[in-house]
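Remarks on the overall topology
Residues per chain, in single letters:
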Amino acid sequence: MPCLNCGANDTIRAHLIPQAFVREVRGDDKGYALTNRNASSFQPSQNGRYDDAILCTACDNILGKDEKYAVETLAAIRRSTQHVVDRTFMVDGIEGDRLLRFAAGTVWKFALTKPHYGRIDIGPYAAILQSLLYDRADSGGAVDAFLMKLHSGDDKSYFNRAPSPERYEGLNFVRFAVGSFIFLVKLDRRPATNLPAAAWLRGSTSILIPAIAFNQIEEGRTVLSARQANGRLDAYLQRVSVAATANKNLAS
């Protein structure tokens with residue numbers, strides 16, 4: 001299968017969610033759980049899910065530069081805001097376009113991957129994202145994103161969540177979570193008028209982020225209830241965990 005960007009013949013194992021985010025969740029433990037949306041079933045894993053039929057080394061490395069920036073930037077924000085909750089905070093010195101490309105790259109890979117790996121349908125925006133990622137084309141505001149931080153009381157990351165389309169304020173978005181942050185990526189040419197301009201990533205060097213208590217949002221509630229609701233998942237995580245820390249190593 002040729003690379004879906006450049007057509008090169010040799011493709012690699014391209015991680016759909018960057019491996020560094022998986023390692024943040026896994027820590028020193030020996031395993032990681034890939035679950036369905038409500039965590040009623042799971043697959044044991046070491047390094048998360050990859051697809052070996054979408055990207056060559058060179059094209060994956062282009063995405064990897066912004067993925068590395070996202071991993072490091074989100075970790076730094078977690079460390080500096082671990083006690084902030086139930087309010088917004090401003091982060092300065094951000095390369096918003098790099099975070100946006102990271103988010104766009106994650107969504108784009110899930111638009112290309114196999115159905116059983118969680119493929120999503122984003123219609124013509126697959127080509128728009130590809131052009132943004134590899135040609136640095138300006139989407140004219142049709143692609144943008146904002147973040148929400150999940151407050152857990154520390155600077156750790158406890159789960160990742162694969163992208164899924166949803167509607168927000170009447171517009172089309174794709175939502176996913178990594179590094180204790182929820183990304184909402186707008187794939188819509190219409191402007192979002194009900195969100196502050198300072199929250200958006202495109203072209204930004206400072207961004208406004210709300211910090212939301214872990215149990216006050218869908219992703220957090222799913223993680224908190226998953227082990228109690230699924231005995232097999234709980235047994236697996238206890239078996240692979242060095243510290244057997246509750247609610248650790250969950251991906252949805």
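First things first, this report covers the structure right here in the doc.

1. Considering the overall build of the protein chain
From N to C terminus, the protein chain includes six helices and 11 strands. Across the 252 residues in the protein chain, those meeting the buried criterion constitute 52%. Taking contacts inside the protein chain between residues at least 6 apart in sequence as the whole, the part at least 24 apart equals 72%. Accessible surface computed for the protein chain: about 11300 Å², of which carbon and sulfur atoms make up 49%.

2. Quick word on the nonpolar core
By size, the foremost hydrophobic cluster in this structure holds 50 residues, and its most contacted members are Leu55, Val107, Ile122, Phe183 and Leu187. Contributing elements (two or more residues each) for this core: helix 2 (57–80), strand 5 (87–92), helix 3 (96–112), helix 4 (125–134), strand 6 (143–151), strand 8 (171–178), strand 9 (181–187) and strand 10 (206–213). In terms of residue count, helix 3 provides more of this core than any other element does, nine residues in total. Filtering out sequence-adjacent residues up to four positions away, Phe183 remains in contact with Leu74, Leu99, Phe102, Ala103, Phe146, Leu147, Val174, Arg175, Phe176, Val178 and Leu201. Among the nonpolar cores identified, the runner-up in size contains 17 residues, and Leu171, Phe173, Ile212 and Val223 belong to it.

3. Thoughts on unusual backbone geometry
In this model, Asp86 sits at a positive phi of 60 degrees, which is unusual for a non-glycine residue. By secondary structure assignment, the location of Asp86 is in the loop between helix 2 and strand 5. Phi is positive for Glu169, close to 55 degrees, though the residue is something other than glycine. Structurally, Glu169 can be placed in the loop between strand 7 (159–168) and strand 8. The exposure class assigned to Glu169 is partly exposed, which follows from its relative accessible area of 47%.

4. Details of the packing of aromatic side chains
Going through the model one piece at a time under the given rule, you end up with 11 aromatic pairs. On the numbers, 6.4 Å between centres and 25 degrees between planes, the contact of Phe173 with Trp200 is stacked. Of this pair, Phe173 sits in strand 8 while Trp200 sits in the loop between strand 9 and strand 10, and the two are 27 residues apart along the sequence. Seen from their ring centres, Phe176 and Phe183 are 5.0 Å apart, and the 5 degrees between their planes marks the pair as stacked. Across the pair, exposure class does not vary: Phe176 and Phe183 are buried alike. An aromatic cluster of three or more residues is present, and its members are Phe21, Phe102, Phe176 and Phe183.

5. Some words on the packing of helix 2 against helix 3
Their axes nearest at 8 Å, the elements helix 2 and helix 3 cross at an angle of 115 degrees. Judged by the sense of rotation from one axis to the other, the crossing of helix 2 with helix 3 is left-handed. On the side of helix 2, the interface is formed by Leu63, Lys65, Asp66, Glu67, Tyr69, Ala70 and Thr73, while helix 3 contributes Arg98, Leu99, Arg101, Phe102, Trp108 and Lys109.

6. So, helix 4
Along helix 4, the positions that sit buried rather than exposed are Tyr125, Leu129, Leu132, Leu133 and Tyr134. Lining the buried residues of helix 4 we find helix 2, helix 3, strand 6 and strand 9. Arg136 occupies a position one or two residues after helix 4 and carries a positive phi of about 55 degrees.

What counts and how
- Residues numbered from 1 in each chain as written.
- Predicted model: local features only at pLDDT ≥ 70, side-chain atom pairs only at ≥ 80, totals over all residues.
- Heavy atoms only, no water.
- Helix = DSSP H or I, 4+ residues; strand = E, 2+ residues; numbered from the N terminus.
- Buried < 20%, exposed > 50% of the residue type's maximum accessible area, 1.4 Å probe, protein only.
- Contact = heavy atoms within 4.5 Å.
- Areas by Shrake-Rupley, 256 points an atom, 1.4 Å probe, with all protein chains shown as cover.
- Core = buried A, V, L, I, M, F, W, Y, C linked by side-chain atoms within 4.5 Å.
- Phe/Tyr/Trp six-rings, centres within 6.5 Å; stacked < 30°, edge-to-face > 60°.
- Axes fitted to C-alpha atoms, helices over the stretch in contact; angles between N-to-C directions.
- Left-handed = near helix turned anticlockwise from the far one by under 90°.

Geometry only, nothing functional implied.
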